[in-house]
Structures are given as C-alpha cells and as structure tokens.
Amino acid sequence: MKTIIKELRKANKLSQSELADAVGTTRQTITSIEVGKYTASLVLAYKIAHYFDKTIEEVFDFSNIDEEE
Amino acid sequence: MEKKLEKMRAELRARIIQSNSVFILFLIFFVVDISGKLAKYYEQQFAADFIQGFVIGIVIVVELLSLYKLVTYFAALKDDAKLKQLYYKEHDERVLAIDQIAGRNCNKYSMVILLFIAMVVSPFSFEAFIGLIGAVVVIGLTFKICRIYYSRKYTGE
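These numbers come from a predicted model, not from an experiment.

(A) Focus on the layout of surface pockets. Within this model, the largest pocket holds a volume of roughly 350 Å³. Every residue along the wall of the largest pocket is listed here: Gln100(B), Gly103(B), Arg104(B), Phe143(B), Arg147(B), Tyr150(B) and Tyr154(B). For the lining of the largest pocket, the elements supplying multiple residues, two or more each, are α4 (93-121) and α5 (126-153) of chain B. Counted by class, the lining of the largest pocket contains three nonpolar, two polar and two charged residues. Considered as a void within the structure, the second largest pocket measures approximately 300 Å³ in volume. Residue lining of the second largest pocket: 15 residues in total, with Val23(A), Gly24(A), Thr25(A), Lys47(A) and His91(B) positioned closest to the centre. Of all the secondary structure elements, the ones that give two or more residues to the lining of the second largest pocket are α2 (16-23) and α4 (42-51) of chain A together with α3 (80-90) of chain B. When residues of the lining of the second largest pocket are assigned to their parent elements, the largest contribution, three residues, is made by α4(A).

The structure is reproduced here in structure tokens:
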C-alpha cells in the first residue's frame, strides 16, 4: 500500500527512528510501511496519521485496496 | 504508556527469575553429565560419548543465551529508554505478523519433512521410525489444541 509517510517525515525533519519511537513501533516497521512491503494495522495507521495531524485517508492510499493480497 | 511499561517491568522481573532457574538447572545437568552418571545407561560407549558431547554443547548454548537475556533484562530495568525499546521490539505488530505466518507454515513443513524422514529411516530402525511418527503426532496435536484454545479466546460468539 502506498503512503506519503516518507514525505511527511522529511517535511517535519524526522528520522525513521524518531517516528517509530513516537508511534510505538520499530524503525524496521516504519521502513517496511514506507516502501509498501507491510500494511500497517488500523491502530498503527491511526497513530501515524494522528502524529502528523492528518486523517488515515490522507496518509495511506486506498485506491488499489481490492488488488492487494 | 506508563502502565504498559510497568507491566513490562513486572514481566522482566519474572523472566529474570526464570532465566536464573534455567541457568541453575542446566548447570546441574552439566555437572551430572560430566560426572559420567548418565553414561552408564547406554549400552554402547559411542552413544554415551555422543550424548555427553551433545549435552555439553546444549548446556553451553543455553547458559550463554540465559546470560545474554539476563544482561538485557537488567539493562532495561535500569534505563527507561532501553525498556521502551525492548517493549516496542517485543510488541512490534509486523514481527508478530511474521511470526504468525512463519509458525503456521513451519508447522506444515515440519510434519511433512518428519514423515518423509520416518519413511526413509524405517528399514534401518523401527525405534527411530516410531520416535519420528510420535514427533509428527505431537506437532499436529499441539497445533490443533492451540488452534482450539485461541479460536475460543478470540471468537465473540
């Protein structure tokens, strides 16, 4: 699933570790979400979106959701 | 978050006691093994020597792992930042999802591989064949029991 997390992180001058720490996960999970290898759970997606003061739909791209596994 | 960290601290204290117990237990096992008391139960000297070496190897690995865990846990209890990192690492949803998928597939593959090895071994050793079939049954039963338990736990009906 595509996301704009990387762009939001760079705009806020945040490292992956800092974002991971802020939302309660590991740097490796943030990396995996950013490159689209892992789809965050509802709770984690909410925490990430909320951290950047955005909605889940603004951060995560659901347009191809039916084609995903 | 503070509640979760407090729970984590309590869990780490329990784990420290467990790791200490394992460390001592395997140390006792090591002492019994090198004293030669186990060797007399084996008819063949080769088997006795092999088992003695195997036990020594296992003990070394377990003791080193226990020590490593103890050091990690004590460090986490002293430093809140390390405690948080350990909490995130152990409760990371991606890792849990990977463990879930790996565990399910590991189960299937293990049973098939063990059955195959049992067939190959059967002409040479009936005891080994029975042991391997027993292992397949244990894996299958354990999986089924866990499945029933967790289905009941997470089903709302």
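On we go from here.
(B) A look at helix α1 (residues 2-34) of chain B. All names here are of chain B. Here α1 contains 33 residues, and its C-alpha end-to-end distance of 47 Å stays within 8% of the 48 Å for a straight helix at 1.5 Å per residue. Those residues of α1 that sit buried are Leu-5, Met-8, Arg-9, Leu-12, Arg-15, Ile-16, Ser-19 and Asp-33. Among the structural elements, α2 (45-78) and α3 are those in contact with the buried residues of α1. Positioned one or two residues after α1, Gly-36 has a phi angle of 85 degrees, which is positive.

(C) Representation of the pattern of salt bridges in the model. Going through the model one piece at a time under the given rule, you end up with six salt bridges over all chains. For the salt bridge of Glu34(A) with Arg9(A), the shortest nitrogen-to-oxygen distance reads 2.6 Å. Here Glu34(A) is found in helix α3 (residues 27-34), whereas its partner Arg9(A) is found in helix α1 (residues 5-11), with 25 residues between them in sequence. Take Glu34(A): its relative accessible area is 16%, and that puts it in the buried class. You can call Arg9(A) buried: its relative accessible area is 6%. With its nearest N and O atoms 2.7 Å apart, the salt bridge here joins Arg15(B) to Glu90(B). In this pair, Arg15(B) sits in helix α1 while Glu90(B) sits in helix α3, placing the two residues 75 residues apart along the sequence. Connected through shared salt-bridge partners, Glu2(B), Glu6(B), Arg9(B) and Asp80(B) make up one network.

Cut-offs and rules
Residues numbered from 1 in each chain as written. Chains lettered and ligands numbered in written order. Predicted model: local features only at pLDDT ≥ 70, side-chain atom pairs only at ≥ 80, totals over all residues. Heavy atoms only, no water. 1 Å grid on protein atoms, 1.4 Å probe; cavity = no way out; pocket = protein on both sides within 12 Å on 5 of 7 lines; lining within 4 Å. Points joined across faces, edges and corners; volume = space filled by probe spheres on them. Helix = DSSP H or I, 4+ residues; strand = E, 2+ residues; numbered from the N terminus. Nonpolar A, V, L, I, M, F, W, Y, C, P; charged D, E, K, R; others polar. Expected span 1.5 Å × (residues − 1). Buried < 20%, exposed > 50% of the residue type's maximum accessible area, 1.4 Å probe, protein only. Contact = heavy atoms within 4.5 Å. Salt bridge = Lys/Arg side-chain N within 4 Å of Asp/Glu carboxyl O.

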